[in-house]
Structures are given as structure tokens and as C-alpha cells.
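Each chain, letter by letter, is given below.
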Amino acid sequence: MKVELRDPNTIMTLSRLGSFHQSRLSFLRSFLFEFKNWEYKRDLFDLDEYGFGTAVYSFKKKDRVYSLVCFANKINDDERSDRVIATKWDAAFTLHDGVPLKKDIERLRNEVPKQEVGRLSYKELTLSRANKSVRIFDHVVESLSNGVQPNIDLLEKVGYLYRTTAVYGSGKFGLADRFRIKNREEINGPFRLEMMLVYLVRQFTFDQVNHVAKNKNPKSAVKLDPKICKKLGIGNSTGLGMAPFIVNHPTLLNNWILCREIALKKIREIKKVETKDSNLFKDCVRKSIKNITSWNTESEYQLKKIKDLLKDVKRFLNFVENEFDFEKDYPFNQIYFWLEKETCEECIEYIVSIMMEPYGEIVSPLVKEMSSDEEKYFNIPTERTVEELRLILEKKYSNILSINFEKIENRRKFWFISKNKEEPRLADRFEEEGSDLEQPLAIARDIKELYKKLLVSKNSLKMDRFLVENSHLRHVVRRAFIIEKFPYSEIQDNTIGEKIVPIDMLRLKLSFFGALKFDPRSDKWLRICMFQGAPLPNELKNFDEQWVYNNN
């Protein structure tokens, strides 16, 4: 039986994309799998009694070494900020290509804490900074120094000791350009080096808190229990700065979604499911209930989504355990149809992610297809005609072409870059100033304008001539020829309508990163946790691949 890939007009709406969850395809999980046989080492740990100083951690395999260089700094409480415009942080990090020499560390000590203002070299691959959750960090130090473990309920509620505020790579601030390293097999996956940096930073936070506690009370202090360490990750506050990425990288977005859709298609096409695979699937669904019930947020929006998800997952679990027969042909295909009929979007995509758990042999080869050489598809085929372009729009953008942008509610918002915060923002076009500085993120509106222009242009007119008169539409002409080849490259929704929920765009990207327990602080930014429940570095060689669901 052949199953068709799901319709982009259904999957690429914002509400659906904002319902995606982590899976075996997620970057942090594929990173752990790729580096599980590498040698992990703490090469340097030179901190003073208060935890300030330098540390180096590395992964090594044969002649290849990646080293995280950490600088822990003393800052005042009033200097601690997660905003892009901050200038000081509790710690700053860079991932160095190879083993850093003493002169490298001295050079980096002068540059890395400056972040955007500093200057890195081709030897450095990624750059980041992080701030403590001071309340949690101090609680852990106080507990350990008195010889007891910290309050696990408090720790699980927050989920981390530190939260990153940015992770940079690929050529920024002097970092190595992608072309220098893109052919290395071990990093042939999106954000592989960024995931490595965050993972090693996590270990640094454990080592630092143990060190400070030991120095505070050398006789009585104990180390943080490894079981508690595993329950902690690295936090992150993510705002609208992530949203333009989804729009500005269409072929990359396509490859992420397409790989997920291919995995689902192949799983639905399995005629006979082995008992061990159906049992693993059901076990992951069952254990995932704890992930949902321990999902902490004060957001009314997210609380409703969690409530609906929990209700539907429990209904689904009852269905597969008591009513469904996995002996039937193509059981996962039947399960998928049941989900579409009986459950909410959030539950559908949640279970789709879990369907991948038994099938590493399907998912793993797809991970290597999730990158994109975007420059290949940048040029507009100027020999193509108006008629060809119009037909592409009618076929690929049918939802968008039905939107009436004459209505105020469909064009109420606009995107701009805040001068003060240096971050993307969303504003009301009819109540706030600045729409003359609008960023080109209103793709649906511009596609509709392009379509109107095409309708009154000669069918045989070539693109080069068309663009002479309509150069302001060049960006959407390019996108239309991209979507012809890449069906999942475009959000099939209105990004400037008054009902837009921007965090749907953030959740989409963060689900592919592997984030858990999205916690919206408004409709424009949210907190997440990375690597919560993940194996520690000394456990990588033989870790449970379903750790996401077994972190109890």
C-alpha cells in the first residue's frame, strides 16, 4: 500500500506547526546518537572558590577534537539580563575546533565574554552566553554544602541551573564559516555544533555548582546526585527573534518538515508491525503522560492546550490498549486516521512523534537529509513565463490566495526591528508608528499582490521582463519557484493577521531542536528546557534512546 505525503496546505498552517513536538529527528537527540562513541573529557577546571574562572571540556574521536571553552564571570545582580542588548552574563562559552593552546585560551578570555562586541577566529565554531537561575543555583549550593540533596520538586519545576540567552554560529563575529566544516560527517545535521555546545554547558553547570558547594563547606558538602543532574537541562528564553528564521530559510524548513513527513509515511506503510515495536510505541505513549502532567506554565493559552492534549492522549491510550488490534494490516495507518478523526491537532502531532520511536532504521538516514545548501536555489529562473508562475501560485498557495487583504483584520500587524532592543517585534499597523520600516515577512500578502499582477500580465512574458516592472515582488517570485520544488517550504498562513499567535512559529523551530515543556510568557516569547532527562556525558556509550519518555 502506498500512503501519500500529507498535504502542505494542512500541515503548514501556523496552528498545526505550533503543535509539533520533539521526536527522534530532533537535533539534540540526533547529536547524542552521533557522538555517543566519542571520548568525553574535562580537560581544565580552573575556578576559584566562588566558581569564577575557566574550564575546558572536549569530545574526541581519532584526530578530531571539539573543545568547549567556558568563562565564568562575576557580575552584579542588576547587570544580569536575558535581553539581546545585555553586555554581561554569568558565563560565556565558545566551541573551539581542536585542542586550545594556552595562547588560545588567553585570546578567548579577552574576547568571548564580550560576545557580539568581541572578535573570534576561524578556530572557533560557536559562541554563547548564559545566566544563572540565581534562586535555584543558590538553593542547590546551600543544600549540597550542608550535606543534603536539594528540593527535587523545586528543581523539576524550573528544570535548569542556567539558561542560555543566545547561541551563535557559522561566520558571526569572526567564527568559522560553514564551508570550512560542512563536509565533516559527524556534523552532517542541522545545528549539530550548537547542540554540542549546549550539552557541554549543561555539564559545566553541574561541575560548577558542586565546586562552589565544596568550597563553601569542605567537610560536609556532597555532590549533586547524578539522578537529579539528569532531571535538569539548560533553559532558554526565546522571543520573536526566532520567527524570521522560519520565513527566511524556506528550503531548510522544507527539509525539516519533509523528513518528518517521509518518516510518518513509511511508518504508515508498514504492513505487519512486530510486537516489540507496538509494545515500545505503547510504552512511550504511556510514560509520556508524566511529561504532560509535569508541564509547568502560568499561560492560560498553554494550559488549555495541555489540558486538551492530556485528555486526548488518555483517550488514545485507552483506544490502543483496549480496542485496537496491532495484528491488523497497516496498523499505524489506521491509527493515524483515528487520530485525525478523534483528536486535536496537538495530540495528532504528539503521537506522530512517538510513532517514530521504534523505527530508528527509518529515522536515522533522514537526519542527514535535514540540512540545505540554500544558495543553490537563490537564483530566479528568468526564462520562465508569467503563465507558469501563475499556475504555481494557484497550485501551491490556494489557501493564501483566498485571503482578502482588503479587510483590516487580515493586515493589522506588521513586523519590524526594534531600535532599542535590536530584536524583531510585531505591532499594530493602525495604532502604532513604524510600518514604513516593515520587514519582508508578510509572505501571504505579497503572494496575493504578485498573483494580482500576474493576472493582468501577458502569459508569455518572461520573468526577467516582468521583474523590471515589479522588482518589489522579487522576493516572492523567488519563493514561488522554490515551493515548486520544495512543497513544505512555505507557511500556508497569514503572518500579519490580527489573530496570529507568533509563538506557533517559535514552537515549530524549537520542536526540531528537541525542546520540552514550552512555557509561553506571553504570545510573543516563551521559555523552554533543552536536554532535560538526557544522559550525562559519562553515560553516552550505552544510553536509553527513549530517555525523553523514561525520565521518571
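Residues numbered from 1 in each chain as written. Predicted model: local features only at pLDDT ≥ 70, side-chain atom pairs only at ≥ 80, totals over all residues. Heavy atoms only, no water.

Colleague: Explain the overall build of the protein here, please?
Modeller: Along its length, the protein carries 21 helices and 11 strands. The C-alpha atoms of the protein give 25 Å as radius of gyration, which agrees with the globular expectation for 552 residues (24 Å, within 12%). Along the longest, intermediate and shortest principal axes, the C-alpha atoms of the protein span 85 × 60 × 50 Å. Residue burial in the protein is summarised as follows: out of 552 residues, 57% are buried. A separation threshold of at least 6 residues defines the contact pool for the protein, and within that pool the share at least 24 residues apart is 75%. Accessible area of the protein: about 24,500 Å², with a carbon and sulfur share of 47%. Positive and negative charge centroids in the protein, built from 94 and 83 side chains respectively, lie 2 Å apart. (Helix = DSSP H or I, 4+ residues; strand = E, 2+ residues; numbered from the N terminus. Rg over C-alpha atoms; globule rule 2.2 N^0.38 Å. Buried < 20%, exposed > 50% of the residue type's maximum accessible area, 1.4 Å probe, protein only. Contact = heavy atoms within 4.5 Å. Areas by Shrake-Rupley, 256 points an atom, 1.4 Å probe, with all protein chains shown as cover. Lys, Arg positive; Asp, Glu negative; His and termini not counted. Charge placed at Lys NZ, Arg CZ, Asp CG, Glu CD.)

Colleague: Just to check I follow, could you spell out the sheet that holds strand β3 (residues 64-72) for this structure?
Modeller: Strand pairing within a sheet occurs via backbone hydrogen bonds; the two strands may be parallel or antiparallel. In space, the nine strands of this open sheet follow the order β1-β2-β3-β4-β5-β6-β7-β11-β10, with mixed pairing throughout. Of all strands in the sheet, those with a lone pairing partner are β1 (39-47) and β10 (516-520), marking the two edges. The average angle at which neighbouring strand axes cross in this sheet is 25°, direction not considered. Taken together, the seven bridges between β3 and strand β4 (residues 91-97) define a ladder with antiparallel strand orientation. Bridge pairing in β4 places Val69 opposite Thr94. The sheet strands contacting helix α21 (residues 503-513) are β7 (233-238), β10 and β11 (526-530), and the helix crosses β11 at an angle near 5°. (Pairing = 2+ DSSP bridges. Axes fitted to C-alpha atoms, helices over the stretch in contact; angles between N-to-C directions.)

Colleague: Explain the state of the cysteines here, please?
Modeller: Should the sulfur atoms of two cysteines be covalently bonded, the bond is a disulfide. Taken as a whole and judged by the stated rule, the model has zero disulfides. Cys529 supplies the cysteine sulfur nearest to Cys229, a cysteine that is in no disulfide, at a spacing of 13 Å. (Disulfide = S-S within 2.5 Å.)

Colleague: What is the right way to look at the packing of aromatic side chains in this model?
Modeller: How two aromatic rings sit relative to each other is given by the distance of their centres and the angle of their planes. The full count for this structure, using the stated rule, is 39 aromatic pairs. Taking the centre distance of 5.8 Å and the plane angle of 25° together, the rings of Phe27 and Phe191 count as stacked. Taken together, the residues Phe27 in helix α3 (residues 27-34) and Phe191 in the loop between β6 (160-169) and α7 (192-216) connect sequence positions 164 residues apart. Of the residues examined, Phe27 reaches a relative accessible area of 1% and is grouped as buried. Both rings, one in Tyr57 and one in Phe204, keep their centres 6.5 Å apart while their planes meet at 80°; by these two values the pair is edge-to-face. Of this pair, Tyr57 sits in strand β2 (residues 53-61) while Phe204 is found in helix α7, placing the two residues 147 residues apart along the sequence. A relative accessible area of 0% means that Tyr57 is categorised as buried. Judged by its relative accessible area of 1%, Phe204 is buried. Grouping aromatic residues by their ring pairs yields a cluster made of Phe31, Phe35, Trp38, Tyr40, Tyr57, Phe59, Tyr66, Phe93, Tyr199, Phe204 and Phe531. Sitting above the plane of the Phe137 ring, Lys132 keeps its charged end 4.5 Å from the centroid. (Phe/Tyr/Trp six-rings, centres within 6.5 Å; stacked < 30°, edge-to-face > 60°. Lys NZ or Arg CZ within 6 Å of the ring centre and 35° of its normal.)

Colleague: Just checking my understanding: could you explain helix α18 (residues 443-455) for this structure?
Modeller: Spacing of three or four residues puts side chains on the same side of an α-helix, whose turn is 3.6 residues. Helix length check: α18, at 13 residues, gives a terminal C-alpha distance of 18 Å against a target of 18 Å (1.5 Å per residue), a fit within 8%. What α18 keeps buried is the set Ile443, Ala444, Asp446, Ile447, Lys448, Leu450, Tyr451 and Leu454. Buried positions along α18 lie against α9 (243-248), α16 (386-396), α17 (398-401), α19 (463-469) and α20 (474-485). (Expected span 1.5 Å × (residues − 1).)

Colleague: Explain the pattern of salt bridges here, please?
Modeller: Note on pairing: side chains with opposite charge can pair once their charged atoms come close. Across all of its chains, the model carries 45 salt bridges by this definition. Among the ionic pairs, Arg6 bridges to Glu261, the shortest N-O distance being 2.8 Å. Here Glu261 lies in helix α10 (residues 250-268) and Arg6 lies in the segment before α1 (8-11), a separation of 255 residues in the sequence. Take Arg6: its relative accessible area is 8%, and that puts it in the buried class. Across the pair Arg445 and Asp446 runs a salt bridge whose closest N-O atoms are separated by 3.0 Å. (Salt bridge = Lys/Arg side-chain N within 4 Å of Asp/Glu carboxyl O.)

Colleague: Just to check I follow, could you spell out the pairing of β3 for this structure?
Modeller: Across a regular strand the side chains alternate sides, sitting on one face of the sheet and then on the other. Burial runs high along β3: eight of the nine residues are buried. Across nine bridges, the pairing between β2 and β3 is antiparallel. Within β3, the position partnered with Gly53 by the bridge is Ala72. As consecutive antiparallel partners, β2 and β3 are separated by two residues, and within that stretch Lys62 has a phi angle of approximately 55°, a positive value.

Colleague: Honestly, the environment of Ile348 in this entry has me stumped. Any pointers?
Modeller: Note that Ile348 resides in helix α14 (residues 345-355). Owing to a relative accessible area of 2%, Ile348 belongs among the buried residues under this scheme. The sequence separation of Ile348 and Gly514 amounts to 166 residues, and the corresponding C-alpha distance is 18 Å. Setting aside residues up to four positions removed in sequence, Ile348 forms contacts with Arg6, Arg16, Tyr336, Leu339, Glu340 and Thr343.

Colleague: Hey, could you run me through the side chain of Arg29 in this one?
Modeller: Assignment of secondary structure puts Arg29 in helix α3. Polar side-chain contacts of Arg29 include one of 3.1 Å to the side chain of Gln22. Beyond its immediate chain neighbours, meaning those up to four positions away, Arg29 contacts Gln22, Ser23, Arg24, Glu357, Glu545, Gln546, Trp547, Val548 and Tyr549. (Polar contact = N/O pair within 3.5 Å; in protein donor to acceptor, adjacent residues only side chain to side chain.)

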